[in-house]
Amino acid sequence: MKTELLIITALESELKRESLPQGVEIVYSGIGKINAAMTSIKAIHQYSPKRILNFGTAGKIKSELQGLLEIGKVIQRDMDAEPLAPRGSTPFCARPQEYVSTGKFICGSGDSFVTAYDPWLHSQGVDVVDMELFAIAAIAHEHHIPWQSFKYITDEANENSGDDWQSKVHHGQDLFLDRIQDILCK
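Residues numbered from 1 in each chain as written. Predicted model: local features only at pLDDT ≥ 70, side-chain atom pairs only at ≥ 80, totals over all residues. Heavy atoms only, no water.

Engineer: Give a detailed account of the nonpolar core, specifying residues and quantitative values.
Structural biologist: The biggest cluster of nonpolar side chains holds 29 residues, and the ones touching the most others in it are I52, V74, Y99, V128 and W147. Elements supplying a minimum of two residues to this core: strand 1 (5–9), helix 1 (33–47), strand 3 (51–60), strand 4 (68–76), strand 6 (105–109), helix 3 (133–142) and strand 8 (147–155). Element by element, the count of residues in this core is highest for helix 3, at 8 residues. Excluding residues within four positions of it along the chain, W147 makes contact with I52, V74, Y99, V100, S101, L133, A137 and A140. By size, the runner-up hydrophobic cluster in this structure holds 15 residues, among which are L5, L20, V24 and I26. (Core = buried A, V, L, I, M, F, W, Y, C linked by side-chain atoms within 4.5 Å. Buried < 20%, exposed > 50% of the residue type's maximum accessible area, 1.4 Å probe, protein only. Helix = DSSP H or I, 4+ residues; strand = E, 2+ residues; numbered from the N terminus. Contact = heavy atoms within 4.5 Å.)

Engineer: If you had to explain the packing of helix 1 against helix 3 to someone new, which residues and values would you point to?
Structural biologist: What describes two packed helices is the angle between their axes and the distance between those same axes. Interaxial distance between helix 1 and helix 3 falls to 8 Å at its minimum, and their mutual angle equals 30°. Accordingly, the angle class assigned to the pair helix 1 and helix 3 is roughly parallel. Viewed along their axes, helix 1 and helix 3 form a crossing whose handedness is right-handed. Residues K33, A36, A37, S40, I41 and I44 of helix 1 lie in contact with helix 3, whose contacting residues are F134, A135, I136 and I139. Classifying every residue of the contact of helix 1 with helix 3 by side-chain character gives 8 nonpolar, 1 polar and 1 charged. (Axes fitted to C-alpha atoms, helices over the stretch in contact; angles between N-to-C directions. Parallel < 35°, antiparallel > 145°, perpendicular 65-115°, else oblique. Left-handed = near helix turned anticlockwise from the far one by under 90°. Nonpolar A, V, L, I, M, F, W, Y, C, P; charged D, E, K, R; others polar.)

Engineer: Explain the pattern of salt bridges to me, using residue names and the numbers behind them.
Structural biologist: Considering all chains together, one arrives at 7 salt bridges under this definition. When the shortest N-O distance is used, the salt bridge between K33 and D78 registers 2.7 Å. Of the two residues, K33 is situated in helix 1 and D78 in the loop between strand 4 and strand 5 (98–100); the sequence distance between them amounts to 45 residues. Exposure remark for K33: the relative accessible area of 12% places this residue in the buried category. The exposure class assigned to D78 is partly exposed, which follows from its relative accessible area of 32%. A salt bridge links D118 to R87; its shortest N-O distance comes to 2.7 Å. Of the two residues, D118 sits in the loop between strand 6 and helix 2 (119–123) while R87 sits in the loop between strand 4 and strand 5, which places them 31 residues apart along the sequence. D118 sits in the buried class, given a relative accessible area of 19%. (Salt bridge = Lys/Arg side-chain N within 4 Å of Asp/Glu carboxyl O.)

Laid out in structure tokens, this is it:
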């Protein structure tokens, strides 16, 4: 089966399958980079997409941000193999240490839920944090498939993040559906 556009989202609570336009495929990866990588590879082989869209929720690092943001760059916030390589870089790895797309915001991906201030995130200019995008972007890059990512801010990456995320996880769906319509019309 082939599709023009494949959406990869961690959880159905973020984006309901039945809300999508006809002909748009979606897969749910589950939480975290390993789940996202495995799901992305399988979905690429199943659907042969021409483009991948990631939609998901995110915690904000910069307090002034809100709503739905288009991500322009993603880095790994939890790769910390110092002194072999600087934080964010995988030592002895020839693959890119960051992936870029069409948006203007920076996302830091990692396998942890951010609940406290991290000075490194600020020093890297990170706008938002998530748990899947780096893996999705890496797999898309490896398969030469363009990708875009849209993140809906649910929380402030602080001690209240768990409760805030739980209450707002589904709030970004309508904003993202409007964006999909714009993308499909181009």
